[in-house]
Amino acid sequence: MPEQSPGSRPTLEAVAARAGVSRATASRVVNGGAGVRQPLVDKVLRAVEELGYVPNHAARTLVTRRTGAVAVIIAEPEIRIFSDPFFSQQIRGISKELTAHDTQLVLLLLEGPGDFERIARYLAGGHVDGALAFSLHIDDPLPAIIRRSGTPTVYGGRPSWTSAPSDQGVPYVDADNRGGARAAVQYLRDLGRERIAHIAGPRDQTSSTDRLDGYRDVLLDADPALITEGEFTVESGARAMKELLDRRPDLDAVFAANDLMASGALRVLRERGIPVPDEVALVGFDDMVSVAEDTDPPLTTIRQDVEGQGRLMARLLLRGLDKDSAETHAPASVITPTTLVRRASA
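Reference entry: report on the structure contained in this document. Just so it is clear, the structure is predicted and the values come from calculations on it, not from any experiment.

Thoughts on the pairing of strand E10 (residues 300-304)
Burial within E10 is extensive, with 4 of its 5 residues counted as buried. Across 4 bridges, the pairing between strand E9 (residues 281-286) and E10 is parallel. Note on E10: the bridge partner recorded for Gly 284 is Thr 301. Inspection of the sheet shows E10 paired to strand E12 (residues 338-341) by 4 bridges, in the antiparallel sense. In the strand pairing of E12, Thr 301 is matched with Val 341.

A few points about the sheet that holds strand E7 (residues 227-229)
A sheet is described by the order of its strands in space; here 6 strands give the open sequence E7-E6-E8-E9-E10-E12, paired in mixed fashion. If you trace the sheet from one side to the other, it starts and ends with E7 and E12, each paired once. Mean inter-strand twist for the sheet, computed between neighbouring axes without regard to direction, equals 20°. Helix H10 (residues 206-218) contacts strand E6 (196-200), E7, strand E8 (253-256), E9 and E10 of the sheet and is inclined by roughly 170° relative to E6. With respect to the sheet, helix H12 (residues 259-271) is in contact with E6, E8, E9 and E10, its orientation differing from that of E9 by roughly 155°.

Describing the pattern of salt bridges
This structure, assessed with the given rule, holds 27 salt bridges. Glu 97 is the partner of Arg 311 in a salt bridge, and the nearest nitrogen-oxygen pair spans 3.1 Å. Separated by 214 residues along the polypeptide, Arg 311 in helix H14 (residues 306-321) and Glu 97 in helix H6 (residues 85-100) bring together distant segments of the chain. Classification of Arg 311 by relative accessible area gives partly exposed; the value is 27%. Close ionic contact of Arg 195 with Glu 194 constitutes a salt bridge, the shortest N to O distance being 3.7 Å. Residue class for Arg 195 comes out partly exposed when judged on its relative accessible area of 27%. The class for Glu 194 is exposed, based on a relative accessible area of 64%. Each of the salt bridges in this network shares a partner with another, and the network as a whole consists of Glu 194, Arg 195, Asp 223, Arg 248, Asp 250 and Asp 252.

Let's talk about the side chain of Asp 252
For Asp 252, the location among the structural elements is in the loop between helix H11 (234-247) and E8. Residue classification places Asp 252 among the buried positions, given a relative accessible area of 9%. Separated by 2.9 Å, the side chain of Asp 252 and the backbone nitrogen of Arg 195 make a polar contact. Excluding residues that lie within four positions of it along the chain, Asp 252 makes contacts with Arg 193, Glu 194, Arg 195, Ile 196, Glu 279, Val 280 and Ala 281.

Focus: the side chain of Asp 84
Relative to the helices and strands, Asp 84 is located in the loop between helix H5 (78-81) and H6. Apart from the residues within four sequence positions on either side, Asp 84 is in contact with Phe 232 and Leu 260.

Looking at the packing of helix H1 (residues 12-19) against helix H2 (residues 23-30)
Helix packing geometry: the angle between the two helix axes and the distance between the axes. Interhelical geometry of H1 versus H2 gives an angle of 105° and a closest axis separation of 9 Å. Taken together, the axes of H1 and H2 are roughly perpendicular relative to one another. For the pair H1 and H2, contact is made by Leu 12, Glu 13 and Ala 16 and by Arg 23, Ala 26, Ser 27 and Val 30, respectively. For the contact of H1 with H2, the class distribution of residues is 4 nonpolar, 1 polar and 2 charged.

How each quantity is defined
Residues numbered from 1 in each chain as written. Predicted model: local features only at pLDDT ≥ 70, side-chain atom pairs only at ≥ 80, totals over all residues. Heavy atoms only, no water. Buried < 20%, exposed > 50% of the residue type's maximum accessible area, 1.4 Å probe, protein only. Helix = DSSP H or I, 4+ residues; strand = E, 2+ residues; numbered from the N terminus. Pairing = 2+ DSSP bridges. Axes fitted to C-alpha atoms, helices over the stretch in contact; angles between N-to-C directions. Contact = heavy atoms within 4.5 Å. Salt bridge = Lys/Arg side-chain N within 4 Å of Asp/Glu carboxyl O. Polar contact = N/O pair within 3.5 Å; in protein donor to acceptor, adjacent residues only side chain to side chain. Parallel < 35°, antiparallel > 145°, perpendicular 65-115°, else oblique. Nonpolar A, V, L, I, M, F, W, Y, C, P; charged D, E, K, R; others polar.

Encoded structure:
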């Protein structure tokens, strides 16, 4: 058996010798390869633990042609990412799934137009095995950058870019935004509300347009004065609520396209002395518990499993990477359900 000098780093040869197997067999076990009998796998793993062997990342990459890392690309400014609990929940779900598969998360943020070139170089350099991208906008150049790099990718949110033939059938995970919005507005109608306003999200994101479509599914002849747009932030929700009250002071309900905007709307209603839900009922979207349960009154909202969607995105990507060809065996897209969570605001 080869001697390990004191303080030296254990080698694969030492693992093979300790386990009583060939170096090739030890390499297959350490790198997750198939075709090794379980008793031998157990011997190698026991030797790895006893020796404290840590695989050399560069050598492992040469053998497996995998980096063991996945990029997470969020097409929003840093200040929004770290202030909106939606993103922390999605990243948490992604991180849990990647960690369970011994894969590192590399977070790539987009602050301005110059960052697209940086991300293009990084992806083209082969630093990651795949990418997870979400919160994209309709005119976003990111899908084309990813396509040119050849990086296997799963998207968060229904794609709005399908002009290129290679974009057809792009894998993605999303919530049933339209169905959830429909349920929210129907719930308000069932409460007897007749003048239901909507604070939509940015029109250049499919989650916003889908929720607006769900609102219109129920209110086919909705007054345009009852619809305004925010930016998925507390401040934009407050501005939108002021605008709605100035236009239609007789409104008796509001459906906001996310909980942050709903909390901003609630603040304005309270400032103007309008009781919620007695005079105006309010429903949000997302069920960000840190927001929905902290408002006064607590927020009725549409729940989507944001953390679960993050895990599912990572799972679909890893499943595709484990195929012989991620392009040929592209993972299916998934729409996750939404449910109404009743609290005191409606």
